[in-house]
Amino acid sequence: MSKKNLKRLDLIFKNEYDGEHILMKTMEKPNQEIVNELIISGLKGRGGAGYPTGLKWKLASEAAGDIKYVICNADEGEPGTFKDREILTQVPHKVLIGMAVCAKVIGAHEGFIYLRGEYKFLMDSLLEVIDDFHVLMNKVGLDFRVKIFKGSGAYICGEESALFESMEGHRGEPRNKPPYPTQAGYRNMPTVINNVETLAHTYSIFKYGSEKFRDLGVQDSRGSKVFSVSGDTPIPGIYELEFGMSLQKFVEDFGDGDSKAVQVGGASGFCVPRKRFDKTMIGYQGKLTGVSLPTGGSMMIFNSSRSMYNVLHNYLEFFVEESCGQCTPCRVGTQQLLLGIEAVKKGQRPSDYLDKLLSLAENMRVTSKCGLGQSVANSFSSIVENFKEEMIY
Amino acid sequence: MTQITNLVKSLADRHGRYNESLLPILQGVVDENKFLSEEAMVEIARELDISAARVYGTASFYSFLNTEPMGKHVIRVCKTITCMMHGKNHIIQEIEKTLKIKLGETTHDGKFTLVETNCLGQCHKGPAMLINDTPYTNLTPEKTREILQSFIENEALSSTTNLN
């Protein structure tokens, strides 16, 4: 039966709203002070990549240019992730306050929410909240307007530079980096692009102070994190937990008692087998934390009735379809990995062919242009290495 | 002017004639016509003063921007991992049986198209599907049949009203 090891928190979804007060306060503060608050809080990007949010705002505020943008990345497409949808349903006004403070800091007058096409049903309620928000903007005297830009069903557009391409009317193909968005983002202007949850956390930080946020979590992984829990669990759903927990405790709380593996971070994340639960922490890699796995919040639990071959096969089909096709390692690599595991399973290839596939995946990690191709190896290698017999027999 | 010329023009009036307008215009045509015909894409290219190849290149990248005809109601069943684990195949079979079409097909009357799609972000409530823009979750074959029946009845109702 599920235990309760982990501290459940209620910062993000707490039913309180103090937007006007927070904005009035921040309007009086020097930008440097706001940025420092964020840096001290230790907040890192909640989309999964973990870039320090304060630093991102600082770089954009220092970037040259009169026209700058704030973009809220709501293209939540990672399999097993659904927290941003819930945040946008329950507390969208907090996200908008985060955007407004960012706009004030970097000097932006225009902001966008890039909403994935699958979440189009949220449009009407969001537009209402944005209308109220614009009234508030007039009241506090901040020249900042937010629009919604709808996606049309492409996972890769969650990658920030692909998202800009998409907004500019192109195929969602990632750009070369550098330059980074804080230098040249949307329309090549300095842009802060933050995940929905990250912006909601900035609200909490401005409301309760950076110390309160910093006191939660562990070194390198501060604050709370919203987790999307799915798969073989009696209690699937969205949970806000203290960051930097052990996977063992997580499984004791959320597993069905028969958990064989947990996929941390979605299809592009890592698969952890039962024997490593107690040695694995959830959070950003740091000197003190040992083996830590980052996640945008996706936690998928598999019990012993599941075939890990089927799991990997499903992930690879996903990547084959969602690879933008721009760079060869990812376009061809994803297809060859899929064909490869099928051939081994059918006995058309010897089992040591898996070693070749593993080296192909590692090759993709080094040579792919963006995070999609680079991270296919995460799930591929961790599943193949830990569940080799399931791949063969 | 044809219907499509009018539609594209009104969308361009609303969204502007910039690079940034392309996706909203494409989405607007799909909302109205369910797909982007060659004629529509050529018309958009003319209206925005860009090449038709560029319009097609962008359109064909996105899975929700169909370049083939689709039914009035597009059913998208999530096929990603947790929905698969929780029985999306049974849901697809149920839809196939009820509508008498196979995956990827459109009913003869042009009312329904059945396709699979990648993660809908409803993983804790799988299996899930979208019908047009509305998500339906925690599906069972029975529940799916009931949802489809209500669509079918509404369609029958609106066609009798039209006859009157």
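All values derive from a computational prediction rather than experimental measurement.

Trainee: Kindly report on the packing of helix α12 (residues 328-345) of chain A against helix α14 (residues 371-386) of chain A, identifying the contributing residues and their values.
Mentor: Residues and elements named next belong to chain A. Put simply, α12 and α14 touch, their axes get as near as 9 Å, and they point 20 degrees apart. Judged by the inter-axis angle, α12 sits roughly parallel to α14. Remark: the crossing between α12 and α14 carries left-handed chirality. Here C330, T334, L337 and I341 of α12 lie close against α14, whose contacting residues are L372, G373, V376 and F380. A per-class count over the contact of α12 with α14 returns six nonpolar, two polar and no charged.

Trainee: Would you mind going over the domain arrangement of chain B in detail, with residue names and values included?
Mentor: Domains assigned within chain B are domain 1 (3-61) and domain 2 (73-163). For domain 1 of chain B and domain 2 of chain B, the distance between their C-alpha centres works out to 28 Å.

Trainee: Help me get a handle on the sheet that holds strand β4 (residues 134-136) of chain B, residues and values and all.
Mentor: Adjacent strands of a sheet form backbone hydrogen bonds with each other and so pair up, either parallel or antiparallel. Residue and element names in this part refer to chain B. Taken together, the four strands give an open sheet; going across it, the order is β2-β1-β3-β4, and neighbouring strands pair in mixed fashion. Looking at which strands have only one partner, the edges of the open sheet turn out to be β2 (112-117) and β4. Across the sheet, the axes of successive neighbouring strands diverge by a mean angle of 25 degrees, strand direction being ignored. Judged from the three bridges that link them, strand β3 (residues 129-131) and β4 form a sheet pairing that is antiparallel. Looking across to β4, one finds that I131 is bridged to T134.

Trainee: How would you explain the pattern of salt bridges if you had to name every residue and give the values?
Mentor: Here the idea is simple: oppositely charged side chains can pair when their charged atoms come close. Counted by the stated rule, this structure contains 38 salt bridges over all chains. A salt bridge links D31(B) to K120(A); the nearest nitrogen and oxygen atoms lie 3.0 Å apart. Of this pair, D31(B) sits in helix α2 (residues 22-33) while K120(A) sits in the loop between β2 (110-115) and α6 (123-140), placing the two residues on different chains. Of the charged contacts, one joins E155(B) and K72(B) as a salt bridge, the two residues approaching to 2.8 Å between their closest N and O atoms. Residue E155(B) is found in helix α7 (residues 141-163), and its partner K72(B) is found in the loop between α4 (52-59) and β1 (73-78); the two are separated by 83 residues along the sequence.

Trainee: Can you lay out the interface of chain B and chain A for me, pointing to particular residues and giving the numbers?
Mentor: Listed by partner, the interface residues are 33 residues for chain B and 50 residues for chain A. Around 3200 Å² of area is buried between chain B and chain A when both sides are counted, 55% of it from carbon and sulfur atoms. Counting the surface chain B buries against chain A, the share from its top three residues, E20(B), F61(B) and H124(B), is 20%. Inspection of the region where chain B meets chain A yields four salt bridges. Its salt-bridge partner being R187(A), residue E20(B) comes within 3.0 Å of it at the nearest N-O pair. At the junction of chain B with chain A, the criterion picks out 27 residue pairs in polar contact (both at pLDDT 80 or more). Only α2, α4 and α5 (81-85) of chain B provide two or more residues apiece to the side of chain B that touches chain A. Counting residues per element, the side of chain B that touches chain A draws most heavily on α2(B), which supplies five residues. Of the residues belonging to the side of chain B that touches chain A, the class tally is 15 nonpolar, 13 polar and five charged.

Trainee: Account for empty space enclosed by the protein, with residues named and values stated.
Mentor: Empty pockets left among the atoms are what a rolling probe the size of a water molecule brings to light. Enumeration over the complete set of coordinates arrives at three cavities of 30 Å³ or more. When its volume is computed, the largest cavity comes out at roughly 70 Å³. Around the largest cavity, the lining residues are I156(A), P174(A), C324(A), Q326(A), C327(A), C330(A), K369(A), C370(A) and L372(A). Looking at the lining of the largest cavity, its residues break down into seven nonpolar, one polar and one charged. Computed from the structure, the second largest cavity encloses a volume of approximately 40 Å³. Lining the second largest cavity, in full, are C78(B), T80(B), I81(B), T82(B), C83(B), C119(B), L120(B), G121(B), Q122(B) and C123(B). Residue contributions to the lining of the second largest cavity peak at three residues, all from α5(B). Among the residues forming the lining of the second largest cavity, the class breakdown is six nonpolar, four polar and no charged.

What counts and how
- Position labels on residues start from 1 in each chain and follow its written sequence.
- Working convention: letters from A go to chains and numbers from 1 go to ligands, in the order in which they are written.
- In keeping with the predicted nature of the model, local features appear solely for residues at pLDDT of at least 70, side-chain atom pairs appear and are counted solely at 80 or more, and the whole-chain, interface and lining totals rest on all residues.
- Only hydrogens and water are set aside when side-chain values are computed; all heavy atoms of the structure are taken into account.
- To get an axis, fit a line to the C-alpha atoms, keeping to the stretch in contact for a helix; angles then go from 0 to 180 degrees between the N-to-C directions.
- Starting at the N terminus, helices and strands are each numbered in turn, a helix being any DSSP run of H or I of at least four residues and a strand any DSSP run of E of at least two.
- Angle categories: roughly parallel below 35 degrees, roughly antiparallel above 145, roughly perpendicular from 65 to 115, and oblique for all the rest.
- Crossings are classed by handedness, with left-handed meaning an anticlockwise turn of the near helix from the far one by less than a right angle and right-handed meaning a clockwise turn.
- Contacts are assigned to residue pairs with any non-hydrogen atoms lying within 4.5 Å of each other.
- Residues are grouped as follows: Ala, Val, Leu, Ile, Met, Phe, Trp, Tyr, Cys and Pro are nonpolar; Asp, Glu, Lys and Arg are charged; all remaining types, including Gly, are polar.
- As used throughout, domain bounds are those supplied by an automatic or database domain assignment.
- By definition, two strands form a pair when at least two bridges between them are found by DSSP.
- Salt bridges are identified by distance alone: a Lys or Arg side-chain nitrogen within 4 Å of an Asp or Glu carboxyl oxygen.
- In short, buried area is how much 1.4 Å probe accessible area vanishes from two parts on joining, totalled over both.
- Polar contact is the term for a pair of N or O atoms within 3.5 Å; when the atoms are in protein, one must be able to donate a hydrogen and the other to accept it, and sequence-neighboring residues count only if both atoms are side-chain atoms.
- For each structure, a 1 Å grid was placed over the protein atoms alone; sets of points admitting a 1.4 Å probe that cannot get out are labelled cavities, open sets with protein on both sides within 12 Å along at least five of seven lines are labelled pockets, and lining residues have an atom within 4 Å of a point.
- Grid points are joined across faces, edges and corners, and a volume is the space filled by probe spheres set on the points.

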